[in-house]
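Okay, here's what each chain looks like letter by letter:
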Amino acid sequence: MTLDLRTVADNLLVRDPDRAAIIDPDCTWSYTELTNAIRFAAARLRDAGVGVDSTVYVIANPGRLALTATYAAMRLGATPALVNPRLTAEEVTTLVDLAGTGAAAVVGHGYADRVAALGIPVIGDELVEPFDGDDSPCDESGRNGLVLFTSGTTGLPKPVPVPTPTLTARLAPYAEPAAAQMRLLCVPTHHVGGLIGALVCLCGGHTVVVQPRFDPGEWLRLVEEHRVQLTFMVPTMLARVIDHPDLATTDLSSLDTVTYGASPMPADLLERLTEAMPHVGFINTFGQTETLGGITFTTPDDARDPVHRESVGRLIPGVDIRVVVPGTDDEVTPGDIGELIVASSQNVVEGWLHTGDLVRVDADGYLYPHGRLSDTINRGGEKFGPVEVEAAIRAHPAVSDCAVAGVPDPEMNERVGAVVVTTEPLDAAALQQWCAERIAKYKTPEVVVFVDEVPLTDMGKVDRKAVVRIVTGGH
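Remember, it's a predicted structure, so these values are computed and weren't measured experimentally.

Undergrad: Lay out the overall build of the protein chain with the relevant residues and their values.
TA: In terms of regular secondary structure, the protein chain is built from 13 helices and 24 strands. For the protein chain, whose C-alpha radius of gyration is 23 Å, the value lies close to the compact-globule estimate of 23 Å for 475 residues. The burial tally for the protein chain puts 55% of its 475 residues in the buried class. When the accessible area of the protein chain is evaluated, it comes to approximately 20100 Å², of which 50% is carbon and sulfur surface. Taking the average place of the 36 positive charges on the side chains of the protein chain and the average place of its 64 negative ones, the gap between the two points comes to 1 Å.

The structure is reproduced here in structure tokens:
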């Protein structure tokens, strides 16, 4: 099957019109019902003034509305821009100022106030209801198939336009006939991992089981009830699943593959997962919004290897990388840590992309992440990543989780701050001594705050701005 984003609604019907396309908490849609909803939505968007290269802002939880709006906009050659529904109205306005005023906004229940000040048509759940209008695809594709936004954990989120040819090429391999699968969507669709995963699933004629907000007990129930075979998760989600009391009594025999990414996977957690679910293949993928998802993959065997389990795998075919001295194009000595730059047909920009990720590559081609360049702590001229400090803290037997960030300091530029979750009483001085025996003294956390949980973003990444606020008392 050839893939055309404008006619994807018609393509969805090719294999099995009666097969379940989307299962969410409200109801189940077959591929016939999904296709009809996309056509109704396209007609309603066109009636609201949406056309080729218009932007349609989509502010909704994962589910039928968000996916229908995305496909309907593509049908008109327009550009769906998926926005985190947890943002405030002021934050949404900031994103729109950066990305450009849209022709319309599609909003889920309770989110209309986010776009009230934008002065554009606002459409809610009625988007998917029968509507008598022109639902035919546009005659030409728009420049961009999507706009995604970076997470903004270290600064303002930025819009990332995804050119239509790039998105089409990314999805096309999955439009070929394959055995139908049940796939669980439990990450946000405003994130590249959630949205691309859902589009891949529907392009392949599979069934998307939607969990709008992650809960480990509900995740276990959905896997058992719907015989889920594949899902994408972040390590924080997996940690909560493996610690849930229902794990031992839940039938997970259908689960074949768990792909994970978006944040580092602690080696001890991966070891626990492979022991608890020996029939499941755990596959790490590593990438970012600008690379339209993963550029590396591990194998299930890597997850059981004591060395390779700490990597993010090796490059997928067609991806070229270099590891360079940050701020330059000069390659580091093989095996040293440097900034990862990437050239790939998946990149949303041409040429070499400076990712901002610090990595090293071993002799076998495995990549090992060492944090983000923007997270680098500069303590009196000594620069290092928070990841190595976190590793030292997490090695303490009384520590279950932690996060580290550079805290502004007038004398040293930054000092090392840490928030720590413990399983038993632990003195800050004792933890600092523990770290001082394992890492350089200047890397040892100078301020330690014990917390009930580490602050995370929607995608389970450490929210380092929140860490700084906790360590400084909000100042």
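Still more ground to cover, so stick around.
Undergrad: Describe the environment of Val 389, with residues and values.
TA: Along the chain, the position of Val 389 falls in helix H11 (residues 386–394). Look at Val 389 and you get buried, because its relative accessible area is 0%. When the C-alpha atoms of Val 389 and Lys 443 are compared, they prove to be 6.6 Å apart, with 54 residues separating the residues in sequence. Setting aside chain neighbours within four positions, we find Val 389 in contact with Phe 384, Val 404, Val 416, Ile 439, Lys 443 and Pro 445.

Undergrad: I'd love a proper account of the sheet that holds strand E19 (residues 367–372), names of residues and values included.
TA: Strand order across the open sheet formed by four strands is E16-E17-E18-E19, with antiparallel pairing between neighbours. Of all strands in the sheet, those bounded by a partner on one side alone are strand E16 (319–324) and E19. Direction aside, neighbouring strands of the sheet carry axes that sit 45° apart on average. Bridge analysis of strand E18 (residues 353–361) against E19 gives four bridges, and the strand direction is antiparallel. Pairing of Val 359 across the sheet is with Pro 369, part of E19.

Undergrad: Run through the side chain of Ser 254, naming residues and quoting values.
TA: Summarising the element assignment, Ser 254 is placed in the loop between helix H8 (235–242) and strand E12 (257–260). A relative accessible area of 13% means that Ser 254 is categorised as buried. A polar side-chain atom of Ser 254 sits 2.7 Å from the main-chain carbonyl oxygen of Val 228.

Undergrad: Lay out unusual backbone geometry with the relevant residues and their values.
TA: One non-glycine residue, Asp 53, lies in positive phi territory at about 70°. Inspection of the secondary structure puts Asp 53 in the loop between helix H2 (31–47) and strand E3 (55–59). Residue Arg 227 is not a glycine yet carries a positive backbone phi of 55°. Structurally, the position occupied by Arg 227 is in the loop between helix H7 (216–226) and strand E11 (230–233).

Undergrad: Explain the side chain of Asp 463 to me, and be specific about the residues and the numbers.
TA: Mapped onto the secondary structure, Asp 463 falls in the loop between strand E24 (447–450) and helix H13 (464–471). Buried charge without a salt bridge: Asp 463, with Arg 469 as the nearest opposite-charge side chain at an N-O distance of 4.6 Å. Those residues in contact with Asp 463, other than ones at most four positions away along the chain, are Pro 455, Leu 456 and Thr 457.

Undergrad: Tell me about the sheet that holds E11, and please be specific about residues and values.
TA: Sheet architecture is open: nine strands sit in the order E2-E1-E10-E9-E11-E12-E13-E14-E15, paired in mixed fashion. A strand with exactly one partner marks an edge of an open sheet, and here the two such strands are strand E2 (28–30) and strand E15 (314–315). The pairing of E12 with strand E13 (residues 281–288) spans four bridges and is parallel. In the strand pairing of E13, Val 258 is matched with Phe 282. Sheet contacts for H2: strand E1 (20–23) and E2; angle to E2, the most-contacted strand, approximately 85°.

Undergrad: Help me get a handle on the state of the cysteines, residues and values and all.
TA: Evaluation of the coordinates by the stated rule reveals zero disulfides. Cys 435 carries a free sulfur, and the closest cysteine sulfur to it, the one in Cys 402, is 8.3 Å from it.

Undergrad: Pulling in residues and values, what's your account of helix H4 (residues 89–99)?
TA: Counting along an α-helix, one turn takes 3.6 residues, and residues three or four places apart therefore face a common direction. For H4, the complete set of buried residues consists of Val 92, Leu 95 and Val 96. Projected onto a plane normal to the axis of H4, the buried residues spread over an arc of 100° and lie on a single side. Opposite the buried face of H4, at more than 90 degrees from it, the exposed residues are Glu 90 and Asp 97. On its buried face, H4 sits against E3 and strand E7 (144–149). Once H4 finishes, Gly 100 follows within two positions and takes phi at roughly 110°, a positive value.

Undergrad: For the pattern of salt bridges, give the residues involved together with the corresponding values.
TA: Taken as a whole and assessed by the stated rule, the structure comprises 25 salt bridges. A salt bridge links Arg 75 to Asp 10; the shortest N-O distance between them is 3.3 Å. In this pair, Arg 75 is assigned in helix H3 (residues 64–75) and Asp 10 in helix H1 (residues 8–11), connecting sequence segments 65 residues apart. On the basis of relative accessibility, which here comes to 3%, the residue Arg 75 falls in the buried class.

Undergrad: Which residues make up the pairing of E3, and what are the values?
TA: Across the five residues that make up E3, a large majority, five, are buried. Summarising the sheet, E3 and strand E4 (residues 79–82) pair through four bridges and their orientation is parallel. Bridge pairing in E4 places Val 56 opposite Pro 80. Crossover handedness for the path E3 to H3 to E4: right-handed.

About the criteria used
- Residues numbered from 1 in each chain as written.
- Predicted model: local features only at pLDDT ≥ 70, side-chain atom pairs only at ≥ 80, totals over all residues.
- Heavy atoms only, no water.
- Helix = DSSP H or I, 4+ residues; strand = E, 2+ residues; numbered from the N terminus.
- Rg over C-alpha atoms; globule rule 2.2 N^0.38 Å.
- Buried < 20%, exposed > 50% of the residue type's maximum accessible area, 1.4 Å probe, protein only.
- Areas by Shrake-Rupley, 256 points an atom, 1.4 Å probe, with all protein chains shown as cover.
- Lys, Arg positive; Asp, Glu negative; His and termini not counted.
- Charge placed at Lys NZ, Arg CZ, Asp CG, Glu CD.
- Contact = heavy atoms within 4.5 Å.
- Pairing = 2+ DSSP bridges.
- Axes fitted to C-alpha atoms, helices over the stretch in contact; angles between N-to-C directions.
- Polar contact = N/O pair within 3.5 Å; in protein donor to acceptor, adjacent residues only side chain to side chain.
- Salt bridge = Lys/Arg side-chain N within 4 Å of Asp/Glu carboxyl O.
- Disulfide = S-S within 2.5 Å.
- Arc of directions from axis to C-beta.
- Right-handed = clockwise from strand over helix to strand, strands pointing away.

Shape is all these values report; function is a separate question.
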